[in-house]
Amino acid sequence: MKKLFVLVFLFPMLIFAQEIALLKYSGGGDWYANPTSLPNLIKFSNQTINTKIKGKPATVTPDSPDLFNYPFIHMTGHGNVVFSDNEVKNLQDYLQSGGFLHIDDNYGMNQYIRKEIKKLFPNDVLTEIPASHPIFQKPNPFPTGLPKIHEHDGKKPQAFGIFVKNRLVLLYTYESDLGDGWEDPEVNNDPFEVRQKALKMGANIINYIFKN
């Protein structure tokens, strides 16, 4: 199964027919938050950047061999996160063999997820990604970096990352709340412009994964 994933990753056009997935983690946090966000991001990406992603995202656990079927794994929530030793090993193998994990703090996850990221990459430092990085440039320009979607405590939005051989494999979006901006309009009553900003940033993430 790992060999199949690597093969798919080497041929980007094949990826466009693949699924993306939501990570179902343990620890008590609401991994299922923002249920309409990924379907809306998929629809937006298929319409605007010519991807061909299946409309309904899969759900996968960190220890599952199925993890290797998905080029993009999304993770969100407000609370606690705990990865077991087996889950850490599986996620490490996934990320080092071409996978990508996007963690979107839905406010309340930060104090927990940083410890789990350190389990995954004990020898690496989670570093802030500069606005000059391609993920903020194509196909939608974000000249100041990660956009602010929801305001909670006055902190600036930040995008942090882990790189393996100069390739971004883990993206942690903090104080932005992209997933809320991807939700159906009536969920958070965000203005159209705010939702478009969130969706365009999401499309940039998808674009980066499929082209790098």
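Since this is a predicted model, take the numbers as computed values, not measurements. (Residues numbered from 1 in each chain as written. Predicted model: local features only at pLDDT ≥ 70, side-chain atom pairs only at ≥ 80, totals over all residues. Heavy atoms only, no water.)

Colleague: Honestly, helix α3 (residues 37–48) in this entry has me stumped. Any pointers?
Modeller: Since one α-helical turn is 3.6 residues long, residues separated by three or four positions face the same way. In this model, α3 (12 residues) spans 16 Å end to end at C-alpha, consistent with the 16 Å of a helix rising 1.5 Å per residue. Ser37, Leu38, Asn40, Leu41, Ile42, Phe44 and Ser45 are the residues of α3 that are buried. Buried residues belonging to α3 abut β1 (21–23), β3 (73–77), α6 (178–182) and α8 (192–211). Immediately beyond the C-terminal end of α3, within one or two residues, lies Asn50, with a positive phi of roughly 65°. (Helix = DSSP H or I, 4+ residues; strand = E, 2+ residues; numbered from the N terminus. Expected span 1.5 Å × (residues − 1). Buried < 20%, exposed > 50% of the residue type's maximum accessible area, 1.4 Å probe, protein only. Contact = heavy atoms within 4.5 Å.)

Colleague: What am I meant to see in the nonpolar core here?
Modeller: Most often, soluble globular proteins keep nonpolar side chains buried together rather than apart. Ranked by size, the top nonpolar core spans 62 residues in total, and within it Ile73, Met75, Phe83, Ile103, Leu170, Tyr172 and Ile205 carry the most contacts. With sequence-adjacent residues up to four places away left out, Tyr172 is seen in contact with Ile103, Asp105, Asn110, Ile113, Arg114, Ile117, Leu126, Gln158, Ala159 and Phe160. (Core = buried A, V, L, I, M, F, W, Y, C linked by side-chain atoms within 4.5 Å.)

Colleague: Would you take a moment to explain the pattern of salt bridges for this structure?
Modeller: Pairing between side chains of opposite charge can happen when their charged atoms approach one another. Tallied over the entire structure, the rule returns five salt bridges. With a shortest N-O distance of 2.8 Å, Asp93 and Lys89 are connected by a salt bridge. Note that Asp93 and Lys89 are positioned in helix α4 (residues 85–96) at a spacing of four residues, about one turn of the helix. Note on Lys89: relative accessible area 46%, which makes it partly exposed. A salt bridge links Glu175 to Lys148; the nearest nitrogen and oxygen atoms lie 3.4 Å apart. With a gap of 27 residues between them, Glu175 in the loop between β7 (167–174) and α6 and Lys148 in the loop between β5 (127–128) and β6 (158–164) connect regions that are remote in the sequence. Residues Glu175 and Lys148 agree in their burial class; the two are buried. Members of the salt-bridge network, linked through shared partners, are Lys148, Glu151 and Glu175. (Salt bridge = Lys/Arg side-chain N within 4 Å of Asp/Glu carboxyl O.)

By themselves these figures say nothing about function.
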